[in-house]
Amino acid sequence: MSEKSCSEAARRIAVALDTSQRDQFRRWISWFGPRVGVLKVGLEAFVRWGPAAVEEAKAQAEAIFLDLKLHDIPNTVAGAVRSARALGVRYLTVHAGGGPAMLEAAVEAAGGEVAILAVTLLTHLDDGQLNALDLAGSASRRVERWARLARQAGCAGIVCSPLEAAALRRANPAPFLLVTPGVRPLTAAPGDQRRTATPGQALRAGADLLVIGRPLTRAPDRDVALERIVAEMNTSRRGPP
Ligand code: C5P
């Protein structure tokens, strides 16, 4: 990877490379790779190209976030974590809903080389969606409980809504990582995300790493979009990660 010169704020951005168009994927990694701290390879790209997607992104990026949201029996998840470890990714997601034994198996398989991030509730799940799943009750209590489980299992951090970050930060001090998708600059459309916050709000609430996809990748002018997001982040005056 080339020498990085991106700002402290930009180092806290993980760009979600959600596409199955190879040319687009390559354009994004070469444009965003030198400009942000982390490139996130998710299901769309990984299912399409497998480890090659990670290898390509790794060549341009400071760190790779492999967002596979693993959720299976502990033995199977541990095997998948070992495979991700061999790929040299820095972050890997698993679902907190897999339970403590699965989380512990993931952490053990990571061997301190991969930061295991537990996904609490997906950010598109609003009250209507949760009711449809018969998961009525307080989403925030569920998230707080699952965050604690993840921390007790040894996870490096969690993926959570920026709206929950402040309460989660109080209950889970640094260095436990809070990674927040559902980040929308004031000027961007929410898309299918429901529980959103601006980049500045997310950082002020205690987020360490902001996952941002479409507001950057689908922006009519990526330069302008990234500049605005970094400017919003700088209003929060957080130090380096
Ligand atoms: O395009 P957008 O900014 O909505 O992308 C958000 C990214 O974060 C997507 O790659 C999505 O898979 C991921 N994500 C999420 N909610 C979670 C966990 C991950 O939106 N709870």
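Data block above holds the structure.
Residue positions are given per chain, counting from 1 as you read along its sequence in written order. At least 70 in pLDDT is required for a residue's local features to be given in this predicted model, at least 80 for side-chain atom pairs to be given and counted, and no such filter applies to totals for whole chains, interfaces and linings, which use all residues. The basis for every side-chain value is the complete set of non-hydrogen atoms in the structure, without hydrogens or water.

Draft legend 1. Just the overall build of the chain, in detail. Helix numbers and strand numbers start at the N terminus; a helix is a DSSP run of H or I with at least 4 residues, a strand a run of E with at least 2. A count of helical and extended segments in the chain gives twelve helices and eight strands. Here the radius of gyration uses the C-alpha set of atoms, whereas the globule reference equals 2.2 Å times the residue count to the power 0.38. Taken over the C-alpha trace, the chain has a radius of gyration of 17 Å; the compact-globule value for 241 residues is 18 Å, and the two agree within 12%. Projected onto its principal axes, the C-alpha positions of the chain cover 40 × 35 × 35 Å. Each of the 241 residues in the chain was classed as buried or not, and the buried ones make up 51%. Should any heavy atoms of two residues lie within 4.5 Å, those residues are considered in contact. For the chain, restricting intrachain contacts to residue pairs at least 6 apart in sequence, the fraction spanning at least 24 positions comes to 69%. What sets the accessible areas is the Shrake-Rupley method with a 1.4 Å probe; for residues, cover comes only from the shown protein chains. Of the roughly 11,000 Å² of accessible surface on the chain, 49% is carried by carbon and sulfur atoms. Neither His nor the chain termini are counted; the positive set is Lys and Arg, and the negative set is Asp and Glu. Positions of charges follow a simple convention, taking NZ of Lys, CZ of Arg, CG of Asp or CD of Glu. A distance of 2 Å separates the average location of the 31 positive side-chain charges in the chain from that of its 24 negative side-chain charges. Exposure is judged per residue with a 1.4 Å probe applied to protein chains only, and the accessible area is read against the type maximum: over 50% gives exposed, under 20% gives buried, and values in between give partly exposed.

Draft legend 2. View of the packing of aromatic side chains. Stacked, tilted and edge-to-face are the three classes applied to pairs of Phe, Tyr and Trp rings, where Trp contributes its six-membered ring and a pair requires centres within 6.5 Å; stacked means planes under 30 degrees apart, edge-to-face means over 60, and tilted covers the rest. If you walk through the whole model with that rule in mind, you get three aromatic pairs. Taken together, a centroid distance of 5.1 Å and an interplanar angle of 50° make the contact between Phe-25 and Trp-49 tilted. Here Trp-49 lies in helix H3 (residues 43-49) and Phe-25 lies in helix H2 (residues 22-32), a separation of 24 residues in the sequence. With 4.9 Å between their ring centres and 80° between their planes, Trp-31 and Phe-32 make a pair best called edge-to-face. This pair shows no difference in class: Trp-31 is buried, exactly as Phe-32 is. Each ring is checked for a lysine NZ or an arginine CZ that lies within 6 Å of its centre and within 35 degrees of its normal; such an atom marks a charge sitting over the ring. The ring of Phe-65 carries Lys-40 above its face, with NZ or CZ at 5.9 Å from the centroid. Over the face of the ring belonging to Trp-31 we find Arg-222, whose NZ or CZ atom lies 5.1 Å from the ring centre.

Draft legend 3. Fine view of the sheet that holds strand S5 (residues 115-119). Here the rule is simple: two strands pair whenever DSSP picks up at least two bridges between them. Around the barrel, which closes on itself, the eight strands sit in the order S1-S2-S3-S4-S5-S6-S7-S8 with parallel pairing between neighbours. Pairs of neighbouring strands in the sheet enclose a mean axial angle of 25°, with direction left out of account. A fitted line through C-alpha atoms represents every axis, and for helices the fit uses only the stretch in contact; the resulting angles, taken between N-to-C directions, go from 0 to 180 degrees.

Draft legend 4. View of helix H5 (residues 74-87). In this scheme, a helix's expected span is set at 1.5 Å multiplied by one less than its residue total. Helix length check: H5 (14 residues) gives 20 Å between terminal C-alpha atoms against 20 Å at 1.5 Å per residue, within 8%. Against H3, helix H4 (51-58), strand S3 (63-70), strand S4 (91-95), helix H6 (100-110) and S5 lie the buried residues of H5. Trailing H5 by a residue or two, Gly-88 shows a phi angle of about 80°, which is positive.

Draft legend 5. Representation of the site of the ligand. Lining the immediate surroundings of the ligand are 17 residues, of which Asp-18, Lys-40, Arg-184, Gly-213 and Arg-214 lie closest. Polar contacts here mean pairs of N or O atoms no more than 3.5 Å apart (in protein, one a potential hydrogen donor and the other a potential acceptor; neighbouring residues in sequence count only if both atoms are side-chain atoms). The separation between an oxygen atom of the ligand and a polar side-chain atom of Lys-69 is 3.5 Å. The protein chains hide 88% of the 470 Å² of surface that the ligand would expose on its own. Put simply, the parts of the chain that give the shell around the ligand at least two residues each are S3, strand S8 (209-212) and helix H11 (214-217). Only heavy atoms are used to decide nearness, and a residue is near a molecule or strand if one of them lies within 4 Å of it.

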